[in-house]
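# Working through the structure, step by step
Listed below, chain by chain, are the residues.
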Amino acid sequence: MTDQSPKRLFIKTYGCQMNVYDSQRMAEALGAEGYVETDRADDADMVLLNTCHIREKAAEKLYSDLGRLKPLKAERPDLKIGVAGCVAQAEGDEIIRRMPLVDLVVGPQAYHRLPAMARGEAPAVDTEFPAEDKFDHLPERRATRRHPAAFLTVQEGCDKFCAFCVVPYTRGAEVSRPAARILSEARDLVARGVREITLLGQNVNGWHGEGAAGLGELIRQLAGIEGLDRIRYTTSHPNDMADDLIAAHRDLPQLMPYLHLPVQSGSDRVLKAMNRKHTRDDYLRLVDRIRAARPDILLTSDFIAGFPGETDADHADTLRLIEEVGFGTAFSFKYSPRPGTPAAGRALVPEAVADARLHEMQALLARQQKAVQEGMVGRTLGVLFEKPGRLPGQMVGKSDYLHSVFVQAPEAAVGDLVQVRIVASAPNSLEGVLA
């Protein structure tokens, strides 16, 4: 029989939006065991670290955080400490070997087993890729009022095997959820106050679940849900931008004019070394097709500086691509080897060279971001209010283009979707007035 006394759960989430979604689902799974969330680790009965393995030194960050929990565990030996997510998948038993204070380790495809692990009725380490669909074994979403914007995982894993990326090894092969389950979860979210849903997947535009021909058709079905005013999706691969998905950007007002489309490099030689399976021209032609369908779309991307073997000429090709496309913002990083990936053993570009290339790239991207935001001044945009601002009567929300917008709106409430005239641009946000 489940202990009915309240137990407190603290979750720290690292990394991507999918981890945010996973943390919510893990909290709901443990909620069925009597756990309620707290924002303080020092008064929790369970601390769960939901990790990301994409960036450099991810494991070191985890072990550093676990080290800070040692005094708390020593003071309260009954405190359960768990590690979830992609570092858990990659490190497995090694985590408990290095940090015996950890009670359980669970990979991102097995967290539906977390309640049994917490009860001591399952192995302390579970990093298998189970045959069963974890979503079939998770409890129903809680019938509580929700934040007006929510994430919804529709696809997991990746079959692309880019030479720099650890995702295929930590998240596994591509798996797409059936459309009926996605639609059911979306309707439930809308019934609880959600007005914007971001569809998540490591390769989301490669979604191929039962019940729709592709992501474009799935989005068309979602757009039919009354009260779902905004739809976004991330992250996409250029090779999976199907015609129907591009047409959905043209046809559906609910699909926001924003697309994150990673390219990583503007050099064909580097793209081949990365195993991206597309060329520079492929990407540029795709951008032209997308902009022909939705001229006002804002594009964002990912870039890696200093990939093994990258030359000054390759770097110059990337800068030229950035200038040609024009991005609203971008994530850019210096290459760092991820253990177990094909590129990990290759000779590195000298660190000082990679640093200089990254700084040059980021300066160009920052100029583009500034120009795009300044171009919003004078325009009227939809803004979904997500929280009160710091100033009296101020609200903060996201624009159609995902910019944070600050508005004086003393009569407004969280969840209101309003028209706002943009009057000023700040480094990472916009200021507006009610239109």
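In this numbering scheme, every chain counts its residues from 1 along its sequence in written order. This being a predicted model, a pLDDT of at least 70 is required before a residue's local features are given, and a value of 80 or more before pairs of side-chain atoms are given or counted; all residues contribute to the totals for chains, interfaces and linings. Each side-chain value is worked out from all heavy atoms of the structure, with water and hydrogens disregarded.

Within an unreviewed UniProt entry, the label attached to the protein reads tRNA-2-methylthio-N(6)-dimethylallyladenosine synthase, and the organism entered is Paracoccus sanguinis. UniProt positions are given in the numbering used here, feature names are shortened, and annotations may be inferred rather than shown by experiment. UniProt, in its Subunit (unreviewed entry) section for the protein, records the words "Monomer." Database annotation for the protein, UniProt heading Sequence similarities (unreviewed entry): "Belongs to the methylthiotransferase family. MiaB subfamily."

Next up on the list: the UniProt feature "domain: TRAM" (unreviewed entry) in the protein. On the UniProt side, "domain: TRAM" (unreviewed entry) is annotated at positions that read residues 374-435 here. Between the end C-alpha atoms of residues 374-435 the distance is 18 Å, and the span holds 5% helix and 58% strand. Helix and strand labels come from DSSP, where a helix needs a run of H or I of at least four residues and a strand needs a run of E of at least two; each type is numbered from the N terminus.

The five strands lie next to each other as E15-E16-E17-E19-E18, forming a closed barrel whose pairing is mixed. Between one strand axis and the next, the sheet turns by 50° as a mean value, whatever way the strands run. Whether two residues touch is decided by their heavy atoms; if any such pair falls within 4.5 Å, the residues are in contact. Note on method: axes are straight lines fitted to C-alpha atoms, helices fitted across the in-contact stretch only, with angles between N-to-C directions ranging 0 to 180 degrees. Docked against the sheet, helix H14 (residues 351-376) engages strand E15 (380-388), strand E18 (417-426) and strand E19 (429-434), running at close to 125° with respect to E18. Strand pairing is assigned whenever DSSP identifies at least 2 bridges connecting the two strands.

So, on to the packing of helix H8 (residues 179-191) against helix H9 (residues 215-223). Put simply, H8 and H9 touch, their axes get as near as 10 Å, and they point 35° apart. The crossing of H8 and H9 is right-handed. The segment H8 lies against H9, with Ala-179, Ile-182, Leu-183 and Ala-186 engaging Leu-218, Gln-221 and Leu-222. Tallied by class, residues from the contact of H8 with H9 come to six nonpolar, one polar and no charged. In this scheme the crossing of two helices becomes right-handed for a clockwise turn of the near helix relative to the far one and left-handed for an anticlockwise turn of less than a right angle. Side-chain classes are defined by residue name, with Ala, Val, Leu, Ile, Met, Phe, Trp, Tyr, Cys and Pro counting as nonpolar, Asp, Glu, Lys and Arg as charged, and the others, Gly among them, as polar.

What follows covers the sheet that holds strand E6 (residues 125-126). Across a sheet, paired strands are connected by hydrogen bonds in the backbone, their directions being either parallel or antiparallel. Spatially, E2-E1-E3-E4-E5-E6 is the arrangement adopted by the six strands of the open sheet, whose pairing is parallel. On the outer flanks of this sheet lie strand E2 (35-37) and E6, each paired with one strand and no other. Taken together, the three bridges between strand E1 (residues 7-13) and E2 define a ladder with parallel strand orientation. The residue of E2 that forms the bridge with Arg-8 is Val-36. Packed onto the sheet, helix H1 (residues 17-31) meets E1, E2, strand E3 (46-51) and strand E4 (80-85) and runs at close to 155° relative to E3.

Our focus in this paragraph is the UniProt feature "binding site: [4Fe-4S] cluster 2" (unreviewed entry) in the protein. Mapped onto this numbering, the UniProt entry annotates "binding site: [4Fe-4S] cluster 2" (unreviewed entry) at Cys-158, Cys-162 and Cys-165. Take Cys-158: it is sitting in the loop between strand E8 (155-156) and helix H7 (167-170). Each residue gets one of three labels from its accessible area relative to the maximum for its type: buried under 20%, exposed over 50%, partly exposed in between, using a 1.4 Å probe on protein chains only. Note on Cys-158: relative accessible area 11%, which makes it buried. The residues contacting Cys-158, other than those within four sequence positions of it, are Val-167, Pro-168, Gly-172, Ala-173, Glu-174, Gln-202 and Asn-203. Here Cys-165 shows up in the loop between E8 and H7. You can call Cys-165 buried: its relative accessible area is 18%.

End to end, H8 covers 18 Å across 13 residues, agreeing with the expected 18 Å (1.5 Å per residue, within 8%). Listed in full, the buried residues belonging to H8 are Ala-179, Ile-182, Leu-183, Glu-185, Ala-186, Leu-189 and Val-190. Buried residues along H8 cover an arc of 165° about the axis, so they all sit on one side. The exposed set on the far side of H8, more than 90 degrees from its buried face, consists of Ala-180 and Ala-191. The inward-facing, buried residues of H8 contact H1, strand E7 (149-153), strand E10 (196-200) and H9. A positive backbone phi angle near 105° is found at Gly-193, which sits one or two residues after H8. To estimate how far a helix should extend, the number of its residues minus one is multiplied by 1.5 Å. The arc in question is the one traced by the directions running from the helix axis out to the C-beta atoms.

In what follows, salt bridge is the name for a side-chain nitrogen of Lys or Arg lying within 4 Å of a carboxyl oxygen of Asp or Glu. Counted under the stated rule, the structure contains 35 salt bridges. Measuring nitrogen to oxygen at the nearest pair gives 3.0 Å for the salt bridge that ties Asp-42 to Arg-40. Assessed through its relative accessible area of 45%, Arg-40 is described here as partly exposed. In this structure, Asp-126 and Arg-113 form a salt bridge, with 2.8 Å as the shortest nitrogen-oxygen distance. Of this pair, Asp-126 sits in strand E6 while Arg-113 sits in the loop between strand E5 (104-106) and helix H5 (114-118), placing them 13 residues apart in sequence. You can call Asp-126 buried: its relative accessible area is 8%. Exposure remark for Arg-113: the relative accessible area of 26% places this residue in the partly exposed category.

Time to look at the domain arrangement of the protein. Those domain boundaries reflect an automatic or database domain assignment. According to the domain assignment, the protein consists of domain 1 (7-134), domain 2 (143-256) and domain 3 (379-434). Each of domain 1 and domain 2 has a C-alpha centre, and these two points are 26 Å apart. In this complex, domain 1 contributes 18 residues to the contact, which on the side of domain 2 involves 19 residues. Accessible-area loss on putting two parts together, using a 1.4 Å probe and summing over both, is the definition of buried area adopted here. Summing both partners gives a buried area of about 1500 Å² for domain 1 against domain 2, and 55% of it is carried by carbon and sulfur. It is Gln-17, Met-18 and Tyr-21 that lose the most area in domain 1 upon contact with domain 2, and together they represent 40% of the buried surface on that side. Here a polar contact is recorded for every N or O atom pair within 3.5 Å, except that within protein the pair must consist of a potential hydrogen donor and a potential acceptor, and residues adjacent in sequence are included only if both atoms are side-chain atoms. The interface formed by domain 1 and domain 2 contains six residue pairs in polar contact (both at pLDDT 80 or more). Counting residues per element, the ones that place at least two in the side of domain 1 that touches domain 2 are H1 and helix H3 (86-91). No other element matches the eight residues that H1 contributes to the side of domain 1 that touches domain 2. Partitioned by chemical class, the residues of the side of domain 1 that touches domain 2 number eight nonpolar, six polar and four charged.

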